[in-house]
Amino acid sequence: MSTQANAIAKRRTFAIISHPDAGKTTITEKLLLHGKLIQEAGTVKGRKASKHATSDWMELEKQRGISVTTSVMQFPYNDRIVNLLDTPGHEDFSEDTYRTLTAVDSALMVIDSSKGVEDRTIKLMEVCRLRDTPIVTFMNKLDRDIRDPIELLDEVEEVLKINCAPVTWPIGMGKEFKGVYHLLDDKIYLYQTGQGHTIQEERVIDGLDNPEAEKVLGGLLDDLRDELELVLGASHEFELDAFLSGQLTPVFFGTALGNFGVSQMLDKFVEWAPAPLPRATKTREVEATEEKFTGFVFKIQANMDPQHRDRIAFMRICSGKYEKGMKMHHVRLKRDQQISNAVNFLAGDRGQLEEAYAGDIIGLHNHGNLQIGDTFSQGEVLKFTGIPNFAPELFRRVRLKDPLKNKALQKGLIQLSEEGATQVFRPFNSNDLILGAVGVLQFDVVAHRLKAEYKVECIYENVAVATARWVSCKDDKMLEKLKVKAGDNLALDGGNNLTYLAPTMVNLNLTKERFPEVEFFETREH
Ligand code: G4P
């Protein structure tokens, strides 16, 4: 294998999907600990809460004390290079969260085992489904009283429509949590409390029938045997192909806080998760191992560094290798660009990058010529697909404080929508401007940036829109009929695409029934 092919084969690029408070931050920290990016856990979390941390790059962020950035963390583990893309999750949940999932090859689903499958996880899984992304599951918080593990697996299968293959199985829970049994390795890993901040010395019992197991677990061993019998009958065996096609998820149990069960998960994760996958373009599929460089922009972040009020475009490299100073072809603008100062993201520290490979994420300084979905190549005219807009779920009407600033407002909103900060809709039958978002903080970010970058002050009003769908119909007559009958609910988005703004979900369903020839899409390709 060439050095380049070898480097690419080692890459594992993934993101974490979870409901807020399930433990994403905590497990991220433990992954960084195992990746030796940090020496002791407790630092990332502290930074999140601190008001004067380096990650507080924006006024807004300082005010809120939360991170609006999606950072990328790269670390070596077991001879692999892991790229972990952070998915904003609390108030900073946004369309970027969804779009980040279009830039990964696999995902880690973290579930709070006392709660089970929660709303946000369901939504994020829907996004993963668009590309049948392989999912590894970590059932977290075993040091608490959790729900029946078998019931948890049932719920995942039922609600998320994915088969579960338990790889580790918990022994006890809460105060009685003793450890996990590894079904594939036939080993018992014993849990020790108070070891969450560092990498633990593992206490392992080799084999379920080992007399040591009886000695340590006592009566719990019989319970475990009974449970395993049940589980093996009711669940699925791990199969690599089913995992890679997104049909089956391997399930691990543990506690992120106690840093237990994480390394067993990570070991298998880097072994099973796919190396950078081929990517679809409008014309052909691009293999990661192709000699020539290609990549696409999936996210644009403004003002990450207060010293430089610039914008950074996050690019997923799809094939080949980036080298400092190389020339890239900006396909949409039909222009070559010399890239001498791409940035990499090491747990938030932005440094200059010498080289990067397919599967890696690099940052490009954006001076206004980059948009979400832009493709870069070494000359070939290509357009990567699968980086869509997602139907917003939250809507606000924008009003200007100073009506004379209308032009600046329009310009600002169009640019911000090209960056994916928000979506803009102009209804057919009014002069309103309606903003759409999937996370509520997006509105604050837009107001803040309009003021800081475009000198426009605006206020938001509530508007009776529940959801949006992009509309298309092959039959022009039908489309005309829709425009006549439902004109009040139709609008153009920032890219002049026809959109249906439904006042209620009931209305949307009725309209779909009335106009069966019309297609209503939840995503729109750039
Ligand atoms: P998130 O990023 O998914 O929102 O979750 P985060 O890691 O911030 O965890 C949410 C809360 O759950 C935190 O408690 C965290 O300490 C706790 N937690 C995470 N993993 C485990 C676990 O395995 N066991 C237990 N018992 N708790 C866990 P918090 O009180 O909200 O924050 P903090 O004050 O402890 O920092």
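The structure displayed is predicted, hence computed values, not measured ones. All chains use their own residue numbering, which begins from 1 and follows the written sequence. Reporting in this predicted model follows two pLDDT cut-offs: at least 70 for local features of residues, and 80 or more for side-chain atom pairs to be given and counted; totals over whole chains, interfaces and linings ignore these cut-offs and use all residues. For side-chain calculations, the full set of non-hydrogen atoms in the structure is used, while hydrogens and water are omitted.

A. Here's a closer look at the overall build of the chain. Per the secondary structure count, the chain includes 15 helices and 33 strands. Against the compact-globule benchmark of 24 Å for 526 residues, the chain has a radius of gyration of 24 Å, which places it among compact chains. Residues classed as buried in the chain amount to 56% of the 526 residues present. The criterion used for residue contact is that any of the two residues' heavy atoms lie within 4.5 Å. For the chain, long-range pairs separated by at least 24 residues make up 71% of all intrachain contacts whose partners lie at least 6 apart in sequence. Of the roughly 22800 Å² of accessible surface on the chain, a fraction of 48% belongs to carbon and sulfur atoms. With 66 positive and 78 negative side-chain charges, the chain shows a separation of 9 Å between the mean positions of the two kinds. Helix numbering and strand numbering both begin at the N terminus, where a helix is a DSSP run of H or I of at least 4 residues and a strand a DSSP run of E of at least 2. Restricting the calculation to C-alpha atoms gives the radius of gyration, and the globule rule supplies 2.2 Å times the number of residues raised to the power 0.38. Burial status follows relative accessibility: with a 1.4 Å probe on protein chains alone, a residue under 20% of its type maximum counts as buried, one over 50% as exposed, and anything between as partly exposed. Calculation of accessible area relied on Shrake-Rupley with a 1.4 Å probe; when residues are assessed, cover is drawn exclusively from the protein chains displayed. Here the positive residues are Lys and Arg and the negative ones are Asp and Glu; neither His nor the chain ends is included. Where a charge lies is defined by one atom per residue type: Lys uses NZ, Arg uses CZ, Asp uses CG and Glu uses CD.

B. Quick peek at the packing of aromatic side chains. Think of it this way: a Phe, Tyr or Trp ring, Trp meaning its six-membered ring, pairs with another when their centres are within 6.5 Å, and the plane angle makes it stacked under 30 degrees, edge-to-face over 60, tilted otherwise. Taken as a whole and judged by the stated rule, the model has 15 aromatic pairs. Between W169 and F253, the aromatic rings sit 5.1 Å apart at their centres with planes inclined by 70 degrees, giving edge-to-face as the arrangement. Pair noted here: W169 is in strand β7 (residues 168-171) and F253 is in strand β11 (residues 248-253), with a separation of 84 residues, a long-range link. What makes W169 buried here is its relative accessible area of 0%. The structure contains a cluster of three or more aromatic residues connected by ring pairs, namely F238, F243, F252 and W272. Over a ring means this: the NZ of a Lys or the CZ of an Arg is within 6 Å of the ring centre and within 35 degrees of the ring normal. Directly above the aromatic system of F93 lies the positively charged group of R120, at a separation of 3.7 Å from the ring centroid. Over the ring of F314 we find K299; its NZ or CZ atom is 5.2 Å from the centre of that ring.

C. Spatial organisation of the sheet that holds strand β8 (residues 179-182). One requirement defines pairing of two strands: DSSP has to find at least two bridges between them. An order of β7-β8-β9-β10 is seen for the four strands of this open sheet, with the pairing classed as antiparallel. Strand pairing shows two members of the sheet lacking a second neighbour, β7 and β10 (203-206), which therefore form its edges. When strand polarity is set aside, the average angle formed by the axes of neighbouring strands in this sheet is 25 degrees. Relative to β8, β7 runs antiparallel, the two sharing four bridges. When the sheet's bridge partners are listed, I171 is paired in β8 with G179. Working convention: axes come from line fits to C-alpha atoms, limited for helices to the stretch in contact. Angles between N-to-C directions cover 0 to 180 degrees. Along the sheet, helix α9 (residues 219-234) makes contact with β7 and β8, crossing β7 at roughly 145 degrees.

D. Molecular detail of the pattern of salt bridges. Criterion for a salt bridge: a side-chain nitrogen of Lys or Arg within 4 Å of a carboxyl oxygen of Asp or Glu. Counted by the stated rule, this structure contains 31 salt bridges. The partner of D112 in a salt bridge is K115, with the nearest N and O atoms 4.0 Å apart. For R397, the salt bridge goes to E461, with nearest N and O atoms at 3.2 Å. Of the two residues, R397 sits in strand β25 (residues 394-400) while E461 sits in strand β28 (residues 458-462), which places them 64 residues apart along the sequence. Note on E461: relative accessible area 28%, which makes it partly exposed.

E. Geometry of the packing of helix α12 (residues 406-418) against helix α13 (residues 441-454). As a packed pair, α12 and α13 sit with axes 10 Å apart at the nearest point and diverge in direction by 120 degrees. Of the possible angle classes, the one that applies to α12 and α13 is oblique. The chirality of how α12 crosses α13 is right-handed. Seen from α12, the contacting residues are A408, L409, G412, L413, Q415 and L416; seen from α13, they are V446, R449, L450 and Y454. Within the contact of α12 with α13, the residues separate by chemical class into seven nonpolar, two polar and one charged. Any angle that is under 35 degrees is reported as roughly parallel, and any over 145 degrees as roughly antiparallel; angles of 65 to 115 degrees are reported as roughly perpendicular and all others as oblique. Note on convention: the crossing is left-handed when the near helix lies turned anticlockwise from the far helix by less than a right angle, right-handed when the turn is clockwise. Polar here means any residue outside two lists: the nonpolar Ala, Val, Leu, Ile, Met, Phe, Trp, Tyr, Cys and Pro, and the charged Asp, Glu, Lys and Arg; Gly therefore counts as polar.

F. Examining helix α14 (residues 476-486) more closely. Where α14 is concerned, the buried positions are M478, L479, L482 and A486. Each buried residue of α14 lies within a common arc of 100 degrees when the element is viewed along its axis, so the set occupies one face. Within α14, the exposed residues directed more than 90 degrees away from the buried face are D476, K477 and V484. Those residues of α14 hidden inside the fold are in contact with β29 (467-472), β30 (490-493), β31 (498-502) and α15 (505-514). A 3.5 Å cut-off defines polar contacts: any pair of N or O atoms within that distance qualifies, except that in protein one atom must be a possible hydrogen donor and the other a possible acceptor, and neighbouring residues in sequence count only when both atoms are side-chain atoms. For α14, the capping residue at the N-terminal end is D475, with a side-chain oxygen 3.0 Å from the backbone nitrogen of K477. Picture the helix axis, draw a direction to every C-beta atom, and the arc is the one those directions span.

G. Focus on the confidence of the model for the chain. When pLDDT is averaged along the chain, the result is 89; 91% of the residues meet or exceed 70. Taken together, the stretch residues 45-70 has pLDDT below 50 and engages in 55 contacts with residues farther than four places along the chain or on a different chain. For this predicted complex, the interface confidence reaches an ipTM of 0.97, while the overall pTM sits at 0.91. pLDDT runs from 0 to 100 and stands for how confident the predictor is about each residue.

H. Looking closely at the nonpolar core. Within the largest apolar cluster, 85 residues are counted, with the highest numbers of intra-cluster contacts made by V156, I188, Y322, M328, I362 and L364. Sort the elements by how many residues they give to this core and strand β15 (residues 311-319) lands first, with six residues. For each domain, the first and last residues come from an automatic or database assignment. Here this core gathers at least three residues from each of two domains, domain 1 (17-59 + 106-272) and domain 2 (279-377). Residues within four places of Y322 in sequence aside, it is in contact with F293, I317, M328, I339, S340, N341, A342, L353, E354, E355, A356 and I362. Here the nonpolar core consists of buried residues drawn from Ala, Val, Leu, Ile, Met, Phe, Trp, Tyr and Cys, with membership extended through side-chain atoms lying within 4.5 Å. Core analysis: the second largest hydrophobic core is formed by 32 residues, I16, L31, F138 and L266 among them.

I. Up close: the pairing of strand β22 (residues 361-366). Across the six residues that make up β22, a large majority, five, are buried. Sheet topology note: the β15/β22 ladder contains six bridges and is antiparallel. Along β22, the bridge assignment pairs I312 with H365.

J. Expanded view of the environment of I300. The topology assignment puts I300 in strand β14 (residues 294-302). In the structure, I300 is positioned 21 residues away from R279 in sequence and 20 Å away in space, judged by C-alpha atoms. Dropping the residues within four chain positions of it, I300 is found in contact with R311, I312, A313, N366, L370, Q371, I372 and E419.

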